[in-house]
Amino acid sequence: MPKAIFRDKFSGQAYIVDGDTIRVRGAAIRLHGLDAPEIGQRAQRMDGKWYDQGEFVKRELMHFIGGRPVRVEVISRDKYRRTVGIVTCDGKDINSWLVENGYAISAYGDKYQRAERRARRARIGIWGDKVSFHPGEWRKKSTNARIL
């Protein structure tokens, strides 16, 4: 987990890069405490159809934020020098929302583990797929990823 370097807050329009990264006021923001499927990461629905899970999560995040401004609470910087933060929109923790709805897994700490357990039990989002891959494993070896 990245070392905390400072706490700062700022607001602005969000541009969704993918399921766990946004841009606000020109800064890349990595959403704290979660890992989302990558763009191009394939999964199989229960009906047998394959789809791009990362694109699906990105679209869901775009719909949820809907062009409204977001507020970023900076936690740290990661090894890629991105700002790591907790993002809220209309007072709702976006990081938590992603995990609660099964669009991301809890990662890099235990902040969202309870939300992930509830999503898994309810088999919603990525937890409802027939075949799904852990995002970190997918990045390491996209053809031989660990199934969730």
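Residues numbered from 1 in each chain as written. Predicted model: local features only at pLDDT ≥ 70, side-chain atom pairs only at ≥ 80, totals over all residues. Heavy atoms only, no water.

Given two aromatic rings, one states the distance between the centres and the angle between the planes to describe the pair. Inspection of the entire model under this criterion finds five aromatic pairs. Each ring, one from Phe56 and one from Tyr103, has its centre 5.9 Å from the other, and the planes form 65°; the classification is edge-to-face. Within this pair, whereas Phe56 is found in helix α1 (residues 53–65), its partner Tyr103 is found in the loop between α2 (94–100) and β10 (105–106), the two being separated by 47 residues in sequence. Residue Phe56 is classed as buried on the basis of its relative accessible area, which comes to 19%. Plain terms: the ring middles of Trp97 and Tyr103 are 5.3 Å apart, the flat faces sit at 50° to each other, and that makes the pair tilted. We classify Trp97 as buried; its relative accessible area is 11%. An aromatic cluster is built from Tyr51, Phe56, Phe64, Trp97 and Tyr103, whose rings are joined through pairwise contacts. (Phe/Tyr/Trp six-rings, centres within 6.5 Å; stacked < 30°, edge-to-face > 60°. Helix = DSSP H or I, 4+ residues; strand = E, 2+ residues; numbered from the N terminus. Buried < 20%, exposed > 50% of the residue type's maximum accessible area, 1.4 Å probe, protein only.)

A cluster of basic side chains, namely Arg114, Arg117, Arg118 and Arg121, defines a positive patch on the protein surface. Tracing the backbone through its elements, the reader meets Arg114 in helix α3 (residues 113–122). Judged by relative accessible area, Arg114 falls into the exposed class, the value being 61%. (Patch = residues over 30% accessible without salt bridge, like charges linked within 9 Å, V, L, I, M, F, W, Y side chains within 5 Å. Areas by Shrake-Rupley, 256 points an atom, 1.4 Å probe, with all protein chains shown as cover. Salt bridge = Lys/Arg side-chain N within 4 Å of Asp/Glu carboxyl O. Lys, Arg positive; Asp, Glu negative; His and termini not counted. Charge placed at Lys NZ, Arg CZ, Asp CG, Glu CD.)

Another point: α3. Listed in full, the buried residues belonging to α3 are Ala115, Glu116 and Ala119. With its buried residues spanning 100° around the axis, α3 presents them on a single face. Looking at α3, the residues exposed on the side facing more than 90 degrees away from the buried face are Arg114 and Arg121. Next to the buried residues of α3 lie α2 and β10. Phi for Arg123, located one or two positions after α3, is positive at around 55°. (Arc of directions from axis to C-beta. Contact = heavy atoms within 4.5 Å.)

Tallied over the entire structure, the rule returns nine salt bridges. Two residues, Arg30 and Asp35, come together in a salt bridge whose shortest N-O distance is 3.7 Å. Note on accessibility: Arg30 and Asp35 belong to one class, buried. Lys92 is the partner of Glu100 in a salt bridge, and the nearest nitrogen-oxygen pair spans 3.2 Å. The class of Glu100 is partly exposed, set by a relative accessible area of 27%. Classification of Lys92 by relative accessible area gives partly exposed; the value is 30%. Connected through salt bridges with shared partners, the residues Asp20, Arg30, Asp35, Glu38 and Arg139 form a single ionic network.

One finds Ile22, Val24, Leu61, Ile65, Val70, Val87 and Leu98 to be the most contacted residues of the largest nonpolar core, which totals 30 residues. Residue assignment for this core shows that the elements contributing at least two residues are β1 (4–18), β2 (21–24), β3 (27–31), α1, β7 (69–77), β8 (83–89) and α2. Excluding residues that lie within four positions of it along the chain, Leu61 makes contacts with Ile16, Asp18, Gly19, Ile22, Ile94, Trp97 and Leu98. (Core = buried A, V, L, I, M, F, W, Y, C linked by side-chain atoms within 4.5 Å.)

What follows deals with the side chain of Ser106. Position of Ser106 relative to the elements: it lies in strand β10. Within the structure, the side chain of Ser106 is placed 3.3 Å from the backbone nitrogen of Gln113, a separation counted as a polar contact. (Polar contact = N/O pair within 3.5 Å; in protein donor to acceptor, adjacent residues only side chain to side chain.)

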